[in-house]
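# Report on the structure
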Amino acid sequence: MSARFQLRIQRYGWDKASDCYEDLWGRQVEPARGALLEMAGLQAGERVLDMACGPGPIALAAAARVGSTGFVLGADISDRMVERAGAAARREGVTNVAFVRADAETEVAAPGAFDVALCSLGLMYAPNPRVALRRLRDAVRPGGRAAVAVWGARKQCGWAEIFPIVDARVESAVCPMFFQLGTGDALEHELARAGFGNIKTQRLNVELWYESAEQAVGAAFAGGPVALAYARFDEAVRRSAEAEYLGSIERYRRGSGYALPGEFVVAAAERVG
């Protein structure tokens, strides 16, 4: 599958997921978001790029940290995510932030325009993560910083069977290398190859709690990267896929809810050269 087609799937898939992503995943990914913001060490007056910003939670939090003398630009591949992020900023009265539609491999401003670049749980979806990291490196000034969070190793993520379950029913190829960056020292190595130094990483093991089977299924299918494929399933295929997924997480069931293991890798680095 070409990178261009893969990006198209990503764009329309996240459009589909935009309405429910934050409700179904916001609480679960909060540990990664919090760690990323802390490791970024944002200061008043800094200019920040938030790549793959989704509905805007990181961008809005960053805007509060850099204050009225700073600025945050959020970019996302999905038009609907950008719209939701902008609406959230207006609703909260945040004026030092703007949002644009762009994928992670696209240059969104002049080189060196930012002090800090952030990417929370977006690199896994880039057709070429190495190019995406290079774009983050180019976006910040010499000596500028980046903070990145990705999902961890496949074996540490209890919901991981969602991908083969969907791919067995339709060729989605939505993120064939999804867990690669979270395995071993892969993220650190890729940051170094992209031109970053002074790299620090931490691995977070978390519990993803879903109060019901309906919530667990909604997060896996409608609220994430397979949303476009799921929307195209007929009723019979949808029900069989949901049943197979619930079977794959049965060992994590706790009463009527599910406590799925999850893992994040968060890194902070500086631009060198």
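My aim in this report is to walk through the structure given alongside it, one point at a time.

What counts and how
- Residues numbered from 1 in each chain as written.
- Predicted model: local features only at pLDDT ≥ 70, side-chain atom pairs only at ≥ 80, totals over all residues.
- Heavy atoms only, no water.
- Axes fitted to C-alpha atoms, helices over the stretch in contact; angles between N-to-C directions.
- Helix = DSSP H or I, 4+ residues; strand = E, 2+ residues; numbered from the N terminus.
- Parallel < 35°, antiparallel > 145°, perpendicular 65-115°, else oblique.
- Contact = heavy atoms within 4.5 Å.
- Nonpolar A, V, L, I, M, F, W, Y, C, P; charged D, E, K, R; others polar.
- Buried < 20%, exposed > 50% of the residue type's maximum accessible area, 1.4 Å probe, protein only.
- Pairing = 2+ DSSP bridges.
- Right-handed = clockwise from strand over helix to strand, strands pointing away.
- Left-handed = near helix turned anticlockwise from the far one by under 90°.
- 1 Å grid on protein atoms, 1.4 Å probe; cavity = no way out; pocket = protein on both sides within 12 Å on 5 of 7 lines; lining within 4 Å.
- Points joined across faces, edges and corners; volume = space filled by probe spheres on them.

In a pair of packed helices, the angle between the axes and the distance between the axes together describe the arrangement. The interhelical angle for the contact between helix α2 (residues 21–40) and helix α8 (residues 213–222), taken along N-to-C directions, is 90°, at an axis separation of 9 Å. What the angle tells us is that α2 and α8 run roughly perpendicular. Of the residues in α8, those in contact with Leu24, Trp25 and Arg27 of α2 are Gln215, Gly218 and Ala219. In terms of residue class, the contact of α2 with α8 is built from three nonpolar, two polar and one charged.

Turning to the pairing of strand β2 (residues 71–76), a few remarks are in order. Here β2 lies mainly inside the structure; five of its six residues are buried. Sheet topology note: the strand β1 (residues 47–51)/β2 ladder contains five bridges and is parallel. Within β2, the position partnered with Arg47 by the bridge is Phe71. Each parallel crossover has a hand, and for β1 linked through helix α3 (residues 57–66) to β2 it is right-handed. Across five bridges, β2 lies against strand β3 (residues 97–101) in parallel orientation. Within the sheet, the bridge partner assigned to Gly74 lies in β3 and is Phe99. Note that the unit made of β2, helix α4 (residues 79–92) and β3 has a crossover that is right-handed.

Mapped onto the elements of the fold, Ala109 is located in the loop between β3 and β4 (114–120). On the basis of relative accessible area, Ala109 is assigned to the partly exposed category, the value being 27%. Residues Ala109 and Cys157 lie 48 residues apart in sequence; the distance between their C-alpha atoms is 35 Å.

Here we take up the packing of α2 against α3. With their axes 10 Å apart at the nearest point, α2 and α3 run at an angle of 40° to one another. If you check the angle between α2 and α3, you find them oblique. Crossing handedness for the pair α2 and α3: right-handed. Seen from α2, the contacting residues are Glu22, Arg33, Leu36, Leu37 and Glu38; seen from α3, they are Pro57, Ile58, Ala61, Ala62 and Arg65.

Looking now at the layout of surface pockets. The calculated volume of the second largest pocket comes to roughly 210 Å³. Lining the second largest pocket are 14 residues; nearest its centre among them are Glu22, Pro55, Arg84, Ala88 and Arg91. Of all the elements in the fold, those that place two or more residues in the lining of the second largest pocket are α2, α3 and α4. Top contributing element to the lining of the second largest pocket by residue count: α4, with five residues. A breakdown of the residues in the lining of the second largest pocket according to their chemical character gives seven nonpolar, one polar and six charged.

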